[in-house]
Amino acid sequence: MNRSEVRFGQTELPERQVEVLRRAVRLEWITIGFLAVTVTLVFLVLGNSQAMKAAWIEDLLSFIPPLAFLIAIRVNRRRPTLQHPYGYHRSVGVGHLVAAVALTTMGTYLIVESGIGLLSGEHPTIGTVELFGASIWLGWLMIGVMAMTAVPPVLLGRAKLKLARELHNKVLYADADMNKADWMTAVGSIVGVTGIGLGLWWLDAAAALFIASGILRDGLKNLRAAIVDLMDARATTFDEAEPHPLAGEIDAYLAGLPWVSAVGSRVRDEGHVFHVESFVVPRDGRMPSLDELEAAREGCVELDWKVQDIVLVPVRELPIVVPVSE
């Protein structure tokens, strides 16, 4: 068989996933456009509210996941090279890590800042502005802006969640998860501004702490997931809920081959595709032919588009770190 015919580290996606990826890219550009408008509007009505400042910073941070996703999908299309023999699929994981670090850092900073404001007893004030010849309390504009910007991110998040599942893309999932929770930031900001208007100064700082804790929670959750994947932990589903069932499917397929006595696989997540090492014990100690090995490998690749790289290793007995299928 010609070396060019052996598919390792392929970058092409099936037709269905190509269409899903196009939709995901469109949604991310829509998200970036929406965020640009939101950040501008919130900045214009920012005032002295800590809750509004925290919400504005969260909106700025919300640029990171869609940008990380868009950059990663361009990088991971590159074909493997001698310098990068496994390809560039890890760019998705790197993007996930960058987004998580930014969220964690800023969430920690905002919690400290809001906590200091609460403990020091700062009394923020909200003045009035002239609008169309009338004097209006700025708080009404703050509440109006936050109310208008609360719903679209939730809808975008729900749409992205479905695509993240099909693409097995954890950066897209992290972005969708953040978008779905954005309504809580808007509500928290409205509560904080209302508290200032009612003379409950501490309510603003408490709302800022609530928003900051949400940012930190998202950051820590995604930081853990990104680090675990980059450390080659066992591949999981896109939402980290459970081990990915594809590993069992691969073992079941290989165990059904007539020349295989037992099989166990190590599967690691390369970002949105998998790298698989399957250890097979040949039946009666007979070494399989090259044609049998290649047919088995191709059969595994055909099981699912995420099986980009798979290596079959004939062994006398299975390593203790792999599940056993016989």
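Thresholds, definitions, all that
- Residues numbered from 1 in each chain as written.
- Predicted model: local features only at pLDDT ≥ 70, side-chain atom pairs only at ≥ 80, totals over all residues.
- Heavy atoms only, no water.
- UniProt positions renumbered as here; feature names shortened; annotations may be inferred.
- Core = buried A, V, L, I, M, F, W, Y, C linked by side-chain atoms within 4.5 Å.
- Buried < 20%, exposed > 50% of the residue type's maximum accessible area, 1.4 Å probe, protein only.
- Helix = DSSP H or I, 4+ residues; strand = E, 2+ residues; numbered from the N terminus.
- Contact = heavy atoms within 4.5 Å.
- Pairing = 2+ DSSP bridges.
- Salt bridge = Lys/Arg side-chain N within 4 Å of Asp/Glu carboxyl O.
- Phe/Tyr/Trp six-rings, centres within 6.5 Å; stacked < 30°, edge-to-face > 60°.
- Lys NZ or Arg CZ within 6 Å of the ring centre and 35° of its normal.

The protein chain is annotated in an unreviewed UniProt entry as Divalent metal cation (Fe/Co/Zn/Cd) transporter from Microbacterium paludicola. Within the UniProt record for the protein chain, the comment given under Subcellular location (unreviewed entry) is "Membrane".

*Asks:* Quick rundown of the nonpolar core? Include the residues and the values.
*Replies:* Counting residues in hydrophobic clusters, the biggest one holds 27 residues, and the most contacted among them are Met52 and Met142. Where this core is concerned, the elements lending two or more residues are helix 2 (50–61), helix 4 (91–120), helix 5 (138–148), helix 8 (182–197) and helix 9 (201–230). Take this core: its biggest share by element is six residues, from helix 2. Not counting residues up to four positions away in its chain, the partners in contact with Met142 are Val45, Leu46, Gly47, Met52, Ile126 and Val193. Counting 25 residues, the second-largest nonpolar core is a separate cluster that includes Ala72, Leu163, Leu167 and Leu172.

*Asks:* Outline the pairing of strand 1 (residues 128–131), supporting the account with residue identities and numerical values.
*Replies:* Where strand 1 meets strand 2 (residues 134–137), four bridges bridge the pair, whose relative direction is antiparallel. Residue Glu130 lies in a different strand from strand 2, and its bridge partner there is Ser135. Hairpin connection from strand 1 to strand 2: two residues lie between these consecutive antiparallel strands, with Phe132 at a positive phi of about 55°.

*Asks:* Tell me about unusual backbone geometry, residues and numbers included.
*Replies:* With a phi angle near 50°, His168 is a residue other than glycine that sits in the positive phi range. Among the structural elements, His168 can be located in the loop between helix 6 (151–167) and helix 7 (170–180). Backbone geometry places Asp284, a non-glycine residue, at a positive phi of 60°. Locating Asp284 in the fold gives a position in the loop between strand 4 (274–282) and helix 11 (290–303).

*Asks:* A description of the UniProt feature "transmembrane region" (unreviewed entry) in the protein chain should follow, citing residues and the corresponding values.
*Replies:* Per the UniProt record, the feature "transmembrane region" (unreviewed entry) sits at residues 29–48, 54–73, 94–112, 132–156 and 183–203. As annotated, residues 132–156 comprises 68% helix and 16% strand, and the C-alpha atoms at either end are separated by 34 Å. Segment residues 183–203 splits into 86% helix and 0% strand. End C-alpha atoms: 18 Å apart.

*Asks:* Tell me about the pattern of salt bridges, residues and numbers included.
*Replies:* The tally for this structure, following the rule as stated, stands at 17 salt bridges. A salt bridge links Arg268 to Asp232, with the shortest nitrogen-to-oxygen separation between them at 3.1 Å. Of this pair, Arg268 sits in strand 3 (residues 260–269) while Asp232 sits in the loop between helix 9 and helix 10 (246–255); the two residues are 36 residues apart in sequence, bridging distant segments of the chain. What makes Arg268 partly exposed here is its relative accessible area of 21%. Looking at Asp232, the relative accessible area reads 36%, which means it is partly exposed. Connected through salt bridges with shared partners, the residues Arg90, Asp232, Arg268 and Glu270 form a single ionic network.

*Asks:* Which residues make up the packing of aromatic side chains, and what values go with them?
*Replies:* Each aromatic ring pair is characterised by the separation of its centres together with the angle its planes make. One pass over the full model with this rule turns up three aromatic pairs. On the numbers, 5.6 Å between centres and 85° between planes, the contact of Trp137 with Trp140 is edge-to-face. Judged by relative accessible area, Trp137 falls into the partly exposed class, the value being 22%. For Trp140, a relative accessible area of 57% translates into the label exposed. Aromatic side chains Tyr173 and Phe238 sit 5.1 Å apart centroid to centroid with 85° between the ring planes, which places their arrangement in the edge-to-face category. Placement of the pair is Tyr173 in helix 7 and Phe238 in the loop between helix 9 and helix 10, with a sequence separation of 65 residues. Overall, Phe238 belongs to the buried group, its relative accessible area being 8%. Taking the ring centre of Tyr86 as reference, the NZ or CZ of Arg268 above it sits at 5.4 Å.

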